[in-house]
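Survey of secondary and tertiary structure
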Amino acid sequence: MVSRVRTIAFQGIEAVPVDVQVMVAPGKVGMQIVGLPDKAVAESRERVQAALHASGLSMPAKKVTVNLAPADLPKEGSHYDLPIALGLMAALGAVPGDQLADYVVLGELSLDGTIAAVNGALPAAIGANAEGKGLICPHASGPEAAWAGADIDILAPRSLIAIANHFRGTQVLSRPEPAVRAQTAALPDLADIKGQETAKRALEVAAAGGHNLMMVGPPGSGKSMLAQRLPSILPPLAPRELLEVSMIASIAGELAEGKLSDRRPFRAPHHSASMAAMVGGGLRVKPGEVSLAHCGVLFVDEFPEFHPAVLDSLRQPLEAGEAVIARANHRVTYPARFQLVAAMNPCRCGMAGEPGYRCARGTRCQTDYQSRISGPLLDRIDLRIEVPAVSAADLIRPARAEPSASVAGRVARARGLQRERFDRLGLPGIGVNAHCPTALVEEIAAPDAAGLSLLREASEKLGFSARAYHRVLKVARTLADLDGAGAVGRIHLAEAISYRIMGERLAQAA
């Protein structure tokens with residue numbers, strides 16, 4: 001007799017159905033697991049046997065064969081422990097197999113029979129709901145899985161004994177409740193920054209339109225402080241965005257106690273990060289920083305200090321909004337629609353261009369340092385600004401700067417206009433101008449005659465690429481939205497072009 005239990009395998013954030021087939025038959029005593037298991041799955045044999053023994057069940061003195069179908073799909077992770085154990089218990093008559101057929105099961109077993117938390121409970125619950133089934137998951141993962149919907153049947157037991165008692169009717173497991181992470185601290189506020197009015201304006205424009213931003217300035221000018229305050233002026237995650245962000249965090253194991261938060265992600269990897277850490281990958285493919293920053297901010301400090309190959313690996317996610325990890329035996333795709341904020345010094349010594357400072361290496365120090373950033377990557381950054389050193393007059397000024405709440409209100413109004421515009425165009429999945437398809441840019445950001453003349457002249461003098469031309473139009477459209485203007489005027493294009501000029505100088509160095 002063969003008992004069957006449904007579980008899942010993860011490909012990106014998608015849950016792929018897997019059948020756990022357990023057969024107890026005469027033969028050499030022992031358990032064999034087949035179906036392309038990795039080391040963690042193969043070791044589940046020992047955990048399952050110990051957990052069953054701790055729960056008062058003994059392994060049959062027969063041959064136990066466990067097949068994970070489809071057999072050509074690689075199986076990774078420890079979440080196969082619980083479905084294997086329940087399949088074996090069903091084959092022994094300890095739990096009813098017909099009732100297990102209504103559930104998708106995942107969980108890791110401890111040697112004492114308790115069930116430990118695993119990654120991916122939320123995508124698993126969504127996949128189970130799509131199949132019309134319930135979910136059995138660890139107790140610690142229950143609050144996370146409950147976000148998949150109020151109509152899905154979720155069992156979150158603490159141990160194997162609790163599952164058996166539930167199906168026998170002697171102990172009823174209650175449905176877990178969705179949990180929300182309490183925000184223990186307020187986000188850093190823009191009011192803390194003195195001076196840097198130009199940089200604050202660029203930060204507001206970047207937040208309003210979802211544009212990529214690069215800041216160049218000497219050490220101590222406030223570049224990192226500005227970047228850290230960008231989340232304080234961004235709107236909360238929309239329900240669809242919250243679900244996508246939480247699914248990625250669930251796969252990566254970064255949902256603390258299964259609790260969700262509506263704050264946008266802010267990721268700041270160190271410049272020693274490898275390509276696998278940045279875009280995802282590894283022996284067991286995991287989402288990288290670009291995916292963990294989905295719908296949020298990826299802050300890349302000390303931009304030229306990253307390995308050039310790691311920096312260039314950002315080009316495809318910036319353009320396509322997803323990270324594709326290709327392997328010889330499978331291909332995984334993670335969402336990666338993030339907002340890039342880069343910060344860098346003008347040269348290796350950090351003080352190029354500052355009054356009264358002369359670098360010992362001359363202009364070569366600045367040129368060599370900036371050339372570490374490739375031109376194609378710079379072409380994908382919409383706003384490039386210089387952040388000069390803060391003057392003493394700014395530091396001793398008693399007046400408090402504008403708080404983040406005021407700026408966030410203007411950003412929210414501008415984003416509201418953009419959502420309404422894209423909804424009218426039949427593109428409800430697009431929420432900001434930076435993500436507008438190229439085919440529609442000239443329609444939504446058509447400049448007036450004076451603006452078109454300015455844009456033509458600037459394109460000829462600065463040598464804009466086709467991508468740069470359209471990105472200038474997107475920034476100008478955002479500036480018009482901040483002003484509440486229906487049409488893009490010359491003043492909006494002039495400011496948008498000014499944010500591009502410094503980048504063209506860097507591109508020439510690259």
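Summarised in this report is the structure supplied together with it. Each chain carries its own residue numbering, running from 1 in the written order of its sequence. Totals for whole chains, interfaces and linings use all residues, but because this is a predicted model, local features are given only for residues with pLDDT of at least 70 and pairs of side-chain atoms are given and counted only at 80 or more. Computation of side-chain values covers all heavy atoms of the structure but excludes hydrogens and water.

1. Side note on the state of the cysteines
Going by this rule: Any two cysteine sulfur atoms within 2.5 Å of one another count as a disulfide. A simple rule labels every residue: compare its accessible area, found with a 1.4 Å probe on the protein chains alone, to the largest value its type can have, and call it buried under 20%, exposed over 50%, or partly exposed in between.
For the structure on display, the rule yields 0 disulfides. Note on Cys295: no disulfide assigned, nearest cysteine sulfur contributed by Cys436 at a separation of 17 Å. You can call Cys295 buried: its relative accessible area is 13%. The exposure class of Cys436 is buried, given its relative accessible area of 3%.

2. Structural notes on the sheet that holds strand E17 (residues 339-344)
Each strand in a sheet pairs with its neighbour through backbone hydrogen bonds, running either in the same direction (parallel) or in the opposite one (antiparallel). Rule in force here: Two strands pair under a simple rule: DSSP has to find at least two bridges between them. Numbering of helices and strands starts at the N terminus; helices are DSSP runs of H or I of at least 4 residues and strands are runs of E of at least 2.
Taken in spatial order, the 5 strands line up as E11-E14-E17-E10-E18 in an open sheet, and their pairing is parallel. The open sheet terminates on both sides in strands that have one partner only, identified here as strand E11 (266-267) and strand E18 (383-386). One ladder, built from 2 bridges, connects E11 with strand E14 (residues 297-300); its direction is parallel. Of the residues in E14, the one forming a bridge with Arg267 is Leu298.

3. Thoughts on the side chain of Glu289
Going by this rule: Contact definition: two residues touch when any of their heavy atoms are within 4.5 Å.
If you trace the backbone, Glu289 turns up in helix H12 (residues 289-292). When residues no more than four places from it in sequence are discounted, the contact partners of Glu289 are Arg267, Pro269, Ala277, Met278 and Leu298.

4. Some remarks on helix H3 (residues 81-92)
Rules: By definition here, a helix of n residues has an expected span of 1.5 Å times n minus one.
The end-to-end C-alpha distance of H3 is 17 Å, a good match for the 16 Å that 12 residues give at a rise of 1.5 Å each. Burial of H3 is extensive: 10 of the 12 residues sit out of reach of the surface. If you check which residues of H3 are buried, you get Asp81, Leu82, Pro83, Ile84, Ala85, Leu86, Gly87, Leu88, Met89 and Ala90. One or two residues past the end of H3 sits Gly93, with phi positive at roughly 85°.

5. Digging into the pattern of salt bridges
We apply this condition: Salt bridges are counted wherever a side-chain nitrogen of Lys or Arg sits within 4 Å of a carboxyl oxygen of Asp or Glu.
Per the stated rule, a full pass over the model turns up 24 salt bridges. The partner of Glu197 in a salt bridge is Lys200, and the shortest N-O contact between them spans 3.8 Å. With a gap of 3 residues between them, Glu197 and Lys200 both fall in helix H8 (residues 197-209), about one helical turn apart. The buried category is assigned to Lys200, whose relative accessible area is 11%. Across the salt bridge formed by Glu457 and Lys461, the nearest N and O atoms sit 3.2 Å from each other. Taken together, the residues Glu457 and Lys461, both in helix H20 (residues 449-462) and 4 residues apart, mark about one turn of the helix. Ionic contacts of the salt-bridge type, sharing partners, join the residues Glu319, Asp379, Arg380, Asp382, Arg467, Arg471 and Arg500 into one network.

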